[in-house]
Amino acid sequence: MSRFHHSILTKREHEIFFLLMKDYTTKEIATELGISEKTVRNHISNTIQKLGVSSRAQAMLELIRLGEFTLE
C-alpha cells in the first residue's frame, strides 16, 4: 500500500539526511554520493535554512517530526 507524500526535501537533500541519520560524516557522504564535501555542506545548509532551524541535529529532529524520516 503506497501513500503519496510530497517531501519538502529535494532528492539529493533526502539522500544526504538519510546518510546523516545513519551517522555518516560529511566526508563519507561526499564519497558515497560522488560529490564534493562543499556540495554536501551546501545541501545541509539549504535544508537547515528551509526548515528554519539552526543546526544539523535540529534539522534531523524536525525532519522526523514532519514524517520525512522514521526512527528504526
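Before reading further, recall that the structure is shown in the block above.
Let us look at the structure shown here. Model, not experiment: these values are computed from the prediction.

## Quick notes on helix α4 (residues 56-65)
Piece 1. Three or more residues of α4 are buried, namely A59, E62 and L63. Seen along its axis, α4 keeps its buried residues to an arc of 100 degrees; they face one direction. Away from its buried face by more than 90 degrees, α4 exposes L61 and R65.
Piece 2. The elements touched by buried residues of α4 are α1 (11-21) and α3 (37-51).
Piece 3. Remark: G67 follows α4 within two positions and exhibits a positive phi of approximately 85 degrees.

## Re the nonpolar core
Piece 1. With 15 residues, the main nonpolar core has I16, F17, L20, I29, V40, I44 and L63 as its most contacted residues.
Piece 2. Of all the elements in the fold, those that place two or more residues in this core are α1, α2 (26-33), α3 and α4.
Piece 3. Aside from chain neighbours lying at most four places away, what touches I44 is I16, F17, L20 and R56.

## Notes on the side chain of E62
Piece 1. Relative to the assigned elements, E62 resides in helix α4.
Piece 2. Under the relative-accessibility criterion, E62 is labelled buried at 19%.

## Comments concerning the layout of surface pockets
Sizing a probe to match a water molecule and rolling it over the atoms shows the empty space that remains.
Piece 1. Taken as a whole, the largest pocket encloses approximately 230 Å³ of empty space.
Piece 2. If you go around the largest pocket, the residues you meet are F18, M21, K22, F69, T70, L71 and E72.
Piece 3. Across the lining of the largest pocket, the residue classes tally to four nonpolar, one polar and two charged.

About the cut-offs
- Residues numbered from 1 in each chain as written.
- Predicted model: local features only at pLDDT ≥ 70, side-chain atom pairs only at ≥ 80, totals over all residues.
- Heavy atoms only, no water.
- Buried < 20%, exposed > 50% of the residue type's maximum accessible area, 1.4 Å probe, protein only.
- Helix = DSSP H or I, 4+ residues; strand = E, 2+ residues; numbered from the N terminus.
- Arc of directions from axis to C-beta.
- Contact = heavy atoms within 4.5 Å.
- Core = buried A, V, L, I, M, F, W, Y, C linked by side-chain atoms within 4.5 Å.
- 1 Å grid on protein atoms, 1.4 Å probe; cavity = no way out; pocket = protein on both sides within 12 Å on 5 of 7 lines; lining within 4 Å.
- Points joined across faces, edges and corners; volume = space filled by probe spheres on them.
- Nonpolar A, V, L, I, M, F, W, Y, C, P; charged D, E, K, R; others polar.

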